[in-house]
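Structural description and commentary
Read off the chains here:
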Amino acid sequence: MTDVSPQPARGAAPPLDPHGEVDVTAAIIAFGRLEQSNTAVIKIVASQLGLGVTDIRALVFLAGAADVTPKMVTEHIDLSTGATTSLIDRLDAAGYVRRSDHPTDRRSTVLELAPRGEKAIADVAAVYRAAFREAVDPHYLEFFAIALHSLADSLRVRAGSGLDEVL
């Protein structure tokens, strides 16, 4: 970790595009690089664990949410119901997840990480912890997290609108 923050000095005027709006081109390019790097890490971890990328995405989702149902996995990963059932069956059989009865809906189950799934997530998290500690000044971690949440929310709103307001 370096002591030099990647943040510009306070008060620096943001660059403008030819239309006079804040130019976000560099941020979009950086976001694309981040997506590519994230995909590469997930592929490598999945391969090392003998899992698929979708399997890892499901485990990460389970690790970050409570009372996860198969329907929630279907919606989060954007799979068909049948594909989700196969995914959960595979992860259950391999010891990564376990099913339990839903506390209020007898027609559903709740999914949770099994010890093997917790270990897989711990391994994935270690990669990201190291990368964040190396790349982000600790004084800006909270700001960085807030900015990422805000960007995720903004993209989700636009996706929910079908992008009509943008295109």
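Placed above this text is the structure.
Residues numbered from 1 in each chain as written. Predicted model: local features only at pLDDT ≥ 70, side-chain atom pairs only at ≥ 80, totals over all residues. Heavy atoms only, no water.

**Some thoughts on the overall build of the protein chain**
The test is simple: Going along the chain from the N terminus, every DSSP run of H or I of four or more residues is numbered as a helix, and every run of E of two or more is numbered as a strand. Burial classes: relative accessible area under 20% of the type maximum marks a residue as buried, over 50% as exposed, and values in between as partly exposed (1.4 Å probe, protein chains only). Per-residue accessibility takes into account occlusion by the displayed protein chains alone, with areas from the Shrake-Rupley method and a 1.4 Å probe.
When you go through the protein chain residue by residue, the secondary structure sums to 6 helices and 2 strands. Here the protein chain holds 167 residues, and the buried ones make up 20% of them. Surface summary for the protein chain: the accessible area is close to 12000 Å², and the carbon and sulfur share equals 58%.

**Focus: helix α3 (residues 70-77)**
Under the convention used in this document: Relevant arc is that of directions from the helix axis to the C-beta atoms, nothing else. Should any heavy atoms of two residues lie within 4.5 Å, those residues are counted as being in contact.
Burial in α3 covers these residues: V73, T74 and I77. All buried residues of α3 project into a common sector of 100° when viewed along the axis, lining one side. Among the exposed residues of α3, those oriented more than 90 degrees off its buried face are K71 and E75. Lining the buried residues of α3 we find α2 (53-63), α4 (81-93) and β2 (109-113).

**Here's the deal with the pattern of salt bridges**
We apply this condition: The term salt bridge refers to a side-chain nitrogen of Lys or Arg lying within 4 Å of a carboxyl oxygen of Asp or Glu.
Scanning the model with the defined rule gives 6 salt bridges in all. The salt bridge partner of D89 is R99, with a shortest N-O separation of 2.5 Å. Taken together, the positions of D89 in helix α4 and R99 in strand β1 (residues 97-101) put the pair 10 residues apart, joining distant regions of the chain. Classification of R99 by relative accessible area gives partly exposed; the value is 35%. The network of salt bridges with common partners includes D89, D92 and R99.

**Description of the packing of helix α1 (residues 25-49) against helix α5 (residues 115-135)**
To keep it simple, the criterion reads: Between N-to-C directions, angles cover 0 to 180 degrees, with each direction set by a line fitted to C-alpha atoms, over the stretch in contact for helices. Two helices cross in a left-handed way if the nearer one is turned anticlockwise from the farther one by less than a right angle. They cross in a right-handed way if the turn is clockwise. Basically, the charged four are Asp, Glu, Lys and Arg, the nonpolar ten are Ala, Val, Leu, Ile, Met, Phe, Trp, Tyr, Cys and Pro, and anything else, Gly included, counts as polar.
Interhelical geometry of α1 versus α5 gives an angle of 145° and a closest axis separation of 11 Å. As α1 packs across α5, the resulting crossing turns out to be right-handed. Packed against α1, whose contacting residues are N38, V41, I42, V45 and L49, the element α5 presents A120, V124, V127 and Y128 at the interface. In terms of residue class, the contact of α1 with α5 is made up of 8 nonpolar, 1 polar and no charged.

**Describing the nonpolar core**
Going by this rule: The term nonpolar core refers to a set of buried residues drawn from Ala, Val, Leu, Ile, Met, Phe, Trp, Tyr and Cys, joined through side-chain atoms within 4.5 Å.
Within the largest apolar cluster, 22 residues are counted, with the highest numbers of intra-cluster contacts made by L59, V73, L91 and Y96. When residues in this core are grouped by element, the largest group, 5 residues, is from α2. Those residues in contact with V73, other than ones at most four positions away along the chain, are A58, F61, V68, D78, T84, L87 and L111.

**Things to note about a nonpolar patch on the surface**
We count it as follows: Nonpolar side chains (Val, Leu, Ile, Met, Phe, Trp, Tyr) within 5 Å and like charges within 9 Å form the patches, drawn only from residues with over 30% relative accessible area and no salt bridge.
A surface patch of nonpolar side chains, about 380 Å² in accessible area, is lined by L16, V22, V24 and I28. Among the structural elements, V24 can be located in the segment before α1.

**Looking at the packing of aromatic side chains**
Aromatic ring pairs are described here by two measures, namely the spacing of the ring centres and the angle between the planes. Formally: Note on aromatic contacts: the rings of Phe and Tyr and the six-membered ring of Trp form a pair at centre separations within 6.5 Å, being stacked when their planes are under 30 degrees apart, edge-to-face when over 60 apart, and tilted otherwise.
As enumerated under the stated definition, the model contains 1 aromatic pair in all. With centroids separated by 5.8 Å and ring planes inclined at 70°, the aromatic side chains of F132 and F144 adopt a geometry described as edge-to-face. Of this pair, F132 sits in helix α5 while F144 sits in helix α6 (residues 141-160), and the two are 12 residues apart along the sequence. What makes F132 partly exposed here is its relative accessible area of 33%. Assessed through its relative accessible area of 28%, F144 is described here as partly exposed.

Note that all results are geometric; they support no functional claim without further evidence.
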